[in-house]
Amino acid sequence: MAIPSNINPEKVPQHVAIIMDGNGRWAKSHGHDRIYGHLSGVRSVRESLEAARELGVKYLTLYAFSTENWNRPKEEVEALMDLLVKTIVGEIDELDANGVRLDAIGDIEHLPESCKNELQGGIDRTKDNSEITLILALSYSSRWEIVEAIKRMMADGVKAEEVNDNLIATYLCTKNIPDPELMIRTSGEQRISNFLLWQLAYSELYFTETYWPEFRKADFFEAIAEFQGRERRFGKTSEQIILKDK
Ligand code: FPP
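Residues numbered from 1 in each chain as written. Predicted model: local features only at pLDDT ≥ 70, side-chain atom pairs only at ≥ 80, totals over all residues. Heavy atoms only, no water.

## Some words on the pattern of salt bridges
Counting across every chain of the model gives 21 salt bridges. Here Asp82 ties to Lys86 by a salt bridge, and the two come within 2.7 Å at their closest N and O atoms. Placement of the pair is Asp82 and Lys86 together in helix H3 (residues 74-97), with a separation of four residues, close to one helical turn. When its relative accessible area of 38% is taken as the criterion, Asp82 is described as partly exposed. The class for Lys86 is exposed, based on a relative accessible area of 54%. Arg125 is the salt-bridge partner of Asp96, the closest N and O atoms lying 3.0 Å from each other. Residue Asp96 is located in helix H3, and its partner Arg125 is located in helix H4 (residues 113-125); the two are separated by 29 residues in the primary sequence. A relative accessible area of 23% means that Asp96 is categorised as partly exposed. The exposure class assigned to Arg125 is partly exposed, which follows from its relative accessible area of 41%. A cluster of three or more residues bridged by salt bridges with shared partners is formed by Asp21, Arg25, Arg185, Glu189 and Arg191. (Salt bridge = Lys/Arg side-chain N within 4 Å of Asp/Glu carboxyl O. Helix = DSSP H or I, 4+ residues; strand = E, 2+ residues; numbered from the N terminus. Buried < 20%, exposed > 50% of the residue type's maximum accessible area, 1.4 Å probe, protein only.)

If you want it as structure tokens, here you go:
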């Protein structure tokens, strides 16, 4: 699919984050179990990554499994972990061939051994790729991340007067990764759900009714086109932004 003409290639966000939501509802509405929804969501992951790469997005972060998701029924948690392993095993050659660098944020130590191993193998294998970085948020929640950051700052003996935005950012899982300019959430829900609370401070939020398993390249492009139509003011006035752009 060609890049639509309403997208300005000069104004593509560097980093897009996605809350992939609606797998369960989509599956139910088609008479399947929830796990079928997750399996079907893999195609949407592939299409979003492809669209992002073609546009020149440098980082794509996907909320694949939250800290709270551990509380789901055991069979669903196991199926998601299994799907993660199978997806990495099945896709890693193509990811590598396409210059995708795999990365992960979250409490990775908490993942089952097979998951940790495949993930780490994929991260190591693709570490020198530079087309785009695909970041999987796994066993991740923003409050967990912030609590961990504070603990490590205290362990490092950071003094109160040394604490500022930049220092805190270096203690987060996303150190060295620019904040997302755009966050997409599918399925009609309009909330952040403990995802990148610090990093989304100035992000544009885009909500679509489409359930994740139906999210296609065209939907990704549509989100980018809408993002490009927004004015990002960062607390300044519209006039200041227009003057700066001239
Ligand atoms: C949210 O939908 C989705 C998840 C918790 C899992 C996302 C996982 C995938 C899309 C699988 C493939 C991903 C990778 C990276 C291999 P939900 O279950 O909360 O849906 P609901 O709100 O309709 O119940």
